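# Coordinate inspection notes
Here are the chains, one letter per residue:
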Amino acid sequence: MGTGVVAGPIYHKKQLIMTERDTLQSEDALTALENRDFVPVLNEVVPSSEEELLNYRKKLRQYFLQGKKTEDSCPSNVVPVLLTTMLQRNIESLDYPILCNEDNRNLTNLYNILHKLILDHFNKDDANILIDNLPRMISQAQEKAIEEDAVRNYELVVNDVFESFTQNGSQSGENASFLEQCEQIKIHLLEKSSTVIDFSKSTVFQILNWQLKNRKERNQTFLKTLKKSISGLNEILLLHMDEKGSPQDHFDFAEELISFDKIQDMAPAVVSSSLPEARLNRLRQCYQTLSEAHKSYSKSCCTIFASQKLAEEFVLNKIMDQATLEVTSKGSCAKAREYYKNEIRSFVQIIAALRLADLEIKQQYNEDLHNSYFAGFALSHLSDDDIRNFHSLIVVEESRNLTQQPKDFLALLLEGAFANVLAINRFDEISGTFQQNDLDETYLELAALAIFRRNTCVFQGGADTPDWLNESLQKGLDAPCPTLWNILISKPEPNQEHTDILSLKIAIESRYFPRLVYNLQSGDDFGSHFDLSENPQPEQQFSSYQQEILVTRKKKIENYHLSTADFLAFSPDNCKLLEIVPSRFWHKELIPLAEYLTLPADAQDGKVPFIWVVDEQNTLQKAAIPVSWLQRCRARLDYWLFLQELGGVNSNRIRHTLEEAKSQWETSKETEIEEIKAQLLTEFESTRTDDLEKAIRRILNALIDGDQDFTKLQQPSSITTIPTGEASKTEHEPELDQTGEIIKPTIQSNVWVESDECTSCSDCIDALPSVFKYNSDKLAYVHNPKGSTYAQIVKTAEKCPARCIHPGLPHDSSEPGLEKLIKRAEKYN
């Protein structure tokens, strides 16, 4: 395998499908093959004897510390269990090839284009067949070009795809309508002018070259601005020349821009001008600067510096046809620094000349004001829009070289050079054979070095997602500041391009080479520049996925984490270093790596971390890892936590701040609750005293009113009777629960009146004399609670201006509409 991906059972599945699919004659047979069950199996564990287990644990501990495998270790031809899910999820890549439309300058993958055209042109049955087989048909067409790294012919790709269409699409091979629709789509595609980019080791350069081609449009706008200023200055200078003079005598350097013979013919026969010598020299110098700039920027808008090794490996002289390639013998960054110093000095003069020309053409130049301004004109006077017109400068270098010899690289960033650095990381290098003493991973943290400068845009990721890559290259070229593209690439082998794309995804999703964006244009504050959202589950320490497994012949869903150890185990050579623990020796001291790394240091004593793998029989096994692997896993996790902290994702600082704020809030609320309880108790005691006074007054009134039946005296809902004992309370007495809250009193069953609140309006007595009467104080009371219907009583309570009538509950349960009446009465009870 070209990139060192382990040939485990799931990869065997892919090879099996690709080998056998060509011999199948029907779509049903192919579908059955691709759906063949490869679910990992967790066998029942038969424990060993205590003595055997004790002996193995000693040897396992020695392996953990020294990396020397035991003689009991199972065969190591295994693959991490999550590769099952990821390979099945990516059995066919839909991201490549991509089409670069020459008309609208868009970049779209071929799958999306064909998917839309199929839905628009075919009937439902044929469309479903084609869409189901579309990934495979694109893959078949793509496999023809993997051996080539250069841009493919668009017409050839279209023809290859539609050859697969006609072979696989229609159930009735002779369907004339189907073939006609195929031809229409083919014609529609061939009418467009597009460039095809396949997945290869050179993909990043092909997309970069496409962006430089788009950038030429901006360059054309800048050239027009230069030409307009040159033309305006030329008109002013023509006025100064006498009838014998020739402009070519003074401006022979601009001969390519201006036809002096035509100017001479068009000029007036006699011209009078009184331009001061100082202004004339200023205009001529400005004219010459702009003319030379126009000539320079017309040739190329970008210069690329690369070593001889990289230039030959990626065939840059052929791919990067939109730029000038400078092959360097010494460090590319050093050469770029020298070039930049000269180029930026000239660019500052060009911008100064443009502004001076604008003032002169508009006759607004004031020598007293502007002479000193232009004498001190420097880089700091340039705006972001000015900088975006600067001649693009790109350095191509390997990440390892940039970290091993960082002087010139960091100097470029320190000086704020408007340069773009494309750092190359090869998958086969970062996933190669693990050496215990090889812990130098500084190159994996190159992005952090650039971020610490705080003046550099950083884009880190892989070539597996062309949309992200294209957007990152575009933003980097447009940024008015230094830019670092730290890109992971892979060289696909024939029939393995999808596996190699998957390899890049695994490196990113395992946090070994996480995606990262630090874009100075995305906000004003430091935190707003970070973006980790392109990583799966960016708020978690490890990405995790659900995997279906078989346990005692029953399917079960388990959750597995993807870690640095899983990534390293994709290499066959690295797999040989793993201790595959026989199931009979599984014990509680073996714990998953993700759990081990989150334990406190003292809790890790005596534990041995492992990862889940699958062997050739599709059986789940536990693979213990040595301390040397553990150090690298910790380093990668620590770097990821560092990025999370900077990006404000799963930040300990933010979490502690929130927890402290929550604790303070809870404390203040508890204090507030206690104050409310105390206030309610005070109000309750006050209300209770008032109710006792009212009750005594009512009793006295009843005794004085001799014609009143004392037994029918109504009590207010909150009044208490005179207690006869500690537990002797009426059902209406306010009580407190265990927390000190007041228990809401129950509603009195019969209608009653708060006589003390009565205003003697006579409304209730006039409406229902069978229920209400006046006492001797001409205050209303209830003399017959069952003297009328509940509906009339509620209606009377609603009209009472003093709101002292309380309807209570219905005395007749058969009365119609009670539910609504009780609802109406709630506000008066």
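The text that follows walks through the structure, step by step, so that each part is easy to find. A quick note: this is a predicted structure, and the numbers were derived from the prediction, not measured.

## Focus: the overall build of the protein chain
Scanning the protein chain from terminus to terminus reveals 31 helices and 25 strands. Residues counted as buried form 48% of the 829 residues belonging to the protein chain. Taking the intrachain contacts of the protein chain between residues at least 6 apart in sequence as the baseline, contacts between residues at least 24 apart amount to 73%. For the protein chain, the exposed surface amounts to about 41,100 Å²; the carbon and sulfur share of it is 48%.

## Some details on the nonpolar core
Grouped together as the largest cluster of nonpolar side chains are 159 residues, with contacts concentrated most on Phe205, Leu290, Ile394, Val396, Leu422, Trp485 and Phe567. Looking at this core, the element that brings in the most residues is helix H15 (residues 332-361), giving 14 residues. Excluding residues that lie within four positions of it along the chain, tryptophan 485 makes contacts with Leu208, Ile394, Asn420, Val421, Leu422, Ala423, Phe459, Ser472, Leu473, Gly476 and Leu477.

## What to know about the sheet that holds strand S15 (residues 554-562)
Read from one edge to the other, the open sheet built from 3 strands follows the order S1-S14-S15, with strand pairing classed as mixed. Unpaired on one side and paired on the other, strand S1 (41-42) and S15 mark the two borders of the sheet. Of the strand pairs in this sheet, strand S14 (residues 543-551) and S15 are connected by 9 bridges, and their pairing is antiparallel. Pairing of leucine 550 across the sheet is with lysine 555, part of S15.

## Remarks on unusual backbone geometry
Cis geometry is adopted by the peptide bond preceding proline 97, which originates at tyrosine 96 and carries an omega value of -5°. Relative to the helices and strands, proline 97 resides in the loop between helix H4 (82-89) and strand S3 (98-101). One non-glycine residue, valine 315, adopts positive backbone phi at about 50°. Positionally, valine 315 belongs in the loop between helix H13 (308-313) and helix H14 (316-319). One non-glycine residue, asparagine 618, lies in positive phi territory at about 65°.

## Observations regarding the state of the cysteines
Here, disulfide denotes a covalent bond that connects the sulfur atoms of two cysteines. Counted by the stated rule, this structure contains 0 disulfides. Looking at the unpaired cysteine 302, the closest cysteine sulfur is the one in cysteine 301, lying at 6.2 Å.

## Focus: the packing of H15 against helix H16 (residues 367-375)
It is at 11 Å that the axes of H15 and H16 come closest, and there the two elements cross at 170°. By the angle between their axes, H15 is roughly antiparallel relative to H16. For the pair formed by H15 and H16, the contact residues are Ala352, Arg355, Leu356 and Leu359 on the first element and His370, Tyr373 and Phe374 on the second.

What counts, and where the lines are drawn
Residues numbered from 1 in each chain as written. Predicted model: local features only at pLDDT ≥ 70, side-chain atom pairs only at ≥ 80, totals over all residues. Heavy atoms only, no water. Helix = DSSP H or I, 4+ residues; strand = E, 2+ residues; numbered from the N terminus. Buried < 20%, exposed > 50% of the residue type's maximum accessible area, 1.4 Å probe, protein only. Contact = heavy atoms within 4.5 Å. Areas by Shrake-Rupley, 256 points an atom, 1.4 Å probe, with all protein chains shown as cover. Core = buried A, V, L, I, M, F, W, Y, C linked by side-chain atoms within 4.5 Å. Pairing = 2+ DSSP bridges. Disulfide = S-S within 2.5 Å. Axes fitted to C-alpha atoms, helices over the stretch in contact; angles between N-to-C directions. Parallel < 35°, antiparallel > 145°, perpendicular 65-115°, else oblique.

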